[in-house]
Amino acid sequence: MTDRFDPIDRRLMEELSYPPAGATLIIAKLRGAAPLIQEAFWQWWEDGILPDLTVAGITFQTLVTDHGMNPIAALLTIDWLIRDPNAALRSLKKGHDIHK
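Residues numbered from 1 in each chain as written. Predicted model: local features only at pLDDT ≥ 70, side-chain atom pairs only at ≥ 80, totals over all residues. Heavy atoms only, no water.

(A) Highlighting the environment of asparagine 70. Along the polypeptide, asparagine 70 turns up in the loop between helix H4 (60–65) and helix H5 (71–83). Spatially, the C-alpha atom of asparagine 70 lies 9.3 Å from that of leucine 16, the residues being 54 residues apart in sequence. A polar contact of 3.0 Å, which involves the side chain of asparagine 70, links it to the side chain of tyrosine 18. For asparagine 70, the side chain forms a polar contact with the main-chain nitrogen of isoleucine 72, separated by 2.9 Å. (Helix = DSSP H or I, 4+ residues; strand = E, 2+ residues; numbered from the N terminus. Polar contact = N/O pair within 3.5 Å; in protein donor to acceptor, adjacent residues only side chain to side chain.)

Here it is as structure tokens:
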């Protein structure tokens, strides 16, 4: 049986500039994500449809716009909000460093 995630590593590396280890990590996280997150990922990946998701008062769009996340990072953060909202919200409130 072919894993639906198998062919995406090359695209993650070529189009989104993930290093090989990063692509492998992303695929593993997506495999373990909630079904809602997997469905939203495939809609974006295959059709370019950005999800309209809100968890714990945090929207996908806010993560992309205000936190500077790419769609995959935003989806995985929404997944974290589903699994462990307290820890995810604490981390989001702390913010992050942007290195230029």
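There's more to say after this.
(B) Seen up close, the side chain of threonine 77. When you line up the elements, threonine 77 lands in helix H5. Reaching out from threonine 77, the side chain makes a polar contact with the backbone oxygen of alanine 73 at a distance of 2.8 Å. With sequence-adjacent residues up to four places away left out, threonine 77 is seen in contact with Leu63, Met69 and Leu92. (Contact = heavy atoms within 4.5 Å.)

(C) Quick peek at the packing of aromatic side chains. Counted under the stated rule, the structure contains four aromatic pairs. Geometrically, the ring pair formed by phenylalanine 41 and tryptophan 42 is edge-to-face, given 4.9 Å between the ring centres and 75° between the ring planes. Side by side, phenylalanine 41 and tryptophan 42 carry an identical accessibility label, which is buried. Aromatic pair phenylalanine 41 and tryptophan 44: ring centres 6.1 Å apart, planes at 55°, arrangement tilted. With phenylalanine 41 and tryptophan 44 both in helix H3 (residues 35–47), this residue pair falls three residues apart, about one helical turn. By the burial criterion, phenylalanine 41 is buried, and tryptophan 44 matches it. (Phe/Tyr/Trp six-rings, centres within 6.5 Å; stacked < 30°, edge-to-face > 60°. Buried < 20%, exposed > 50% of the residue type's maximum accessible area, 1.4 Å probe, protein only.)

(D) How the structure looks around H5. Taking 1.5 Å as the rise per residue, H5 with 13 residues should run 18 Å; its terminal C-alpha atoms sit 18 Å apart, in good agreement. Among the residues of H5, those classed as buried are Pro71, Ile72, Ala74, Leu75, Leu76, Thr77, Ile78, Asp79 and Leu81. Of the residues flanking the start of H5, the one acting as N-cap is asparagine 70, its side-chain oxygen 2.9 Å from the backbone nitrogen of isoleucine 72. (Expected span 1.5 Å × (residues − 1).)

Geometric values such as these leave the question of function open.
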